[in-house]
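Fold and contact review
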Amino acid sequence: MRDATLRELILVSREILTTQGVEALTIRAVAREMGMTPPGVYRYFDSHRTLLDAVIVAILDELTEFIAARVGEVDEAETAGRLVVASRALRRWGVEHPREFHLSLVVSPPEEENQAVGRARGQVGKLFGEIFAEVWRDYGGASPTPWPRGPRIEPLAERLVRMLEITMPSTTAAVAFTRCWTRLYGMVCLESLGLPRVIGDEAGELFEAELADLARTLGLPEAALDTRR
């Protein structure tokens, strides 16, 4: 019964988030929707921060599962296609769930971040990193544009792959992954905010242009971009 109540509390919290915004997501609001008293909710979440953390974990789990399900529809041998599908799945989920996506971006200082949130956030990047490593093994040597080795970027890239607990074929691959990941994730952040729509980009053309540019830089076949668009 406790587990069922916990799940319902998180579902109600997400409903408040998506319909009213993060500012409306309070212990009192959740208690009211659940027909409980605030002290009753505090028996499950000892603070507002704990409630938010539980919602963030649920959101990130759903995002990871959504991307993994889309990638699972592509043959494992089609590494380039899997990367393209994963990228588009990330965009689709972020655009369709903007408030949840924005809440998932909230990062606490390392010494304060909930471990479950850190693991949930890392699993999204880990999924992409593992796909990228396979892509690099297949196409990294054929990249028409060599990835420069930057003494300032390499330590950052190596730290990222350590945090995500993934193994890259080389430091160059780690740098390439870091730059690709930040560019794609950054585009999704912008689009989830609605900024491209201000100039009339309703279909994600700017994202597709960025994705195509990264695909060319990585030396991926053009056919990969036709995968489940």
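Below is a short write-up of the structure. (Residues numbered from 1 in each chain as written. Predicted model: local features only at pLDDT ≥ 70, side-chain atom pairs only at ≥ 80, totals over all residues. Heavy atoms only, no water.)

Here we come to the overall build of the protein chain. Scanning the protein chain from terminus to terminus reveals ten helices and zero strands. Listing each helix as α and each strand as β along the protein chain from the N terminus yields α-α-α-α-α-α-α-α-α-α. Considering only C-alpha atoms, the protein chain reaches an extent of 60 × 40 × 30 Å along its principal axes. Long-range pairs, those at least 24 residues apart, make up 70% of the contacts in the protein chain between residues at least 6 apart in sequence. Surface exposure of the protein chain reaches about 12200 Å², of which carbon and sulfur atoms provide 53%. Positive and negative side-chain charges in the protein chain, numbering 27 and 34 respectively, have mean positions lying 3 Å apart. (Helix = DSSP H or I, 4+ residues; strand = E, 2+ residues; numbered from the N terminus. Contact = heavy atoms within 4.5 Å. Areas by Shrake-Rupley, 256 points an atom, 1.4 Å probe, with all protein chains shown as cover. Lys, Arg positive; Asp, Glu negative; His and termini not counted. Charge placed at Lys NZ, Arg CZ, Asp CG, Glu CD.)

Moving on, we get to the nonpolar core. I67, L90, F132, M168 and F177 are the most contacted members of the largest nonpolar core, which totals 71 residues. Beyond its immediate stretch of four places on either side in the chain, M168 contacts G129, F132, A133, V161, A173, A174 and F177. (Core = buried A, V, L, I, M, F, W, Y, C linked by side-chain atoms within 4.5 Å. Buried < 20%, exposed > 50% of the residue type's maximum accessible area, 1.4 Å probe, protein only.)

A few words on helix α5 (residues 79–96). Helix length check: α5 (18 residues) gives 26 Å between terminal C-alpha atoms against 26 Å at 1.5 Å per residue, within 8%. Of all 18 residues in α5, 15 are buried; the element is thus mostly enclosed. (Expected span 1.5 Å × (residues − 1).)

With that settled, the discussion passes to the environment of E158. Inspection of the secondary structure assignment puts E158 in helix α8 (residues 154–164). C-alpha separation for the pair E158 and P39, spaced 119 residues apart in sequence, amounts to 45 Å. Of note is the side chain of E158, whose polar atom sits 3.4 Å from the side chain of T171. (Polar contact = N/O pair within 3.5 Å; in protein donor to acceptor, adjacent residues only side chain to side chain.)

At a minimum axis separation of 8 Å, helix α4 (residues 48–71) and helix α7 (residues 115–139) run at an interaxial angle of 15°. The angle between α4 and α7 places the two elements in the roughly parallel class. The element α4 and its partner α7 pack so that their crossing is left-handed. Residue-level contacts link D53, I56, V57, L60, D61, L63, T64, I67, A68 and V71 of α4 to A116, V117, A120, R121, Q123, V124, L127, F128 and I131 of α7. Residue composition of the contact of α4 with α7, by class: 14 nonpolar, two polar and three charged. (Axes fitted to C-alpha atoms, helices over the stretch in contact; angles between N-to-C directions. Parallel < 35°, antiparallel > 145°, perpendicular 65-115°, else oblique. Left-handed = near helix turned anticlockwise from the far one by under 90°. Nonpolar A, V, L, I, M, F, W, Y, C, P; charged D, E, K, R; others polar.)

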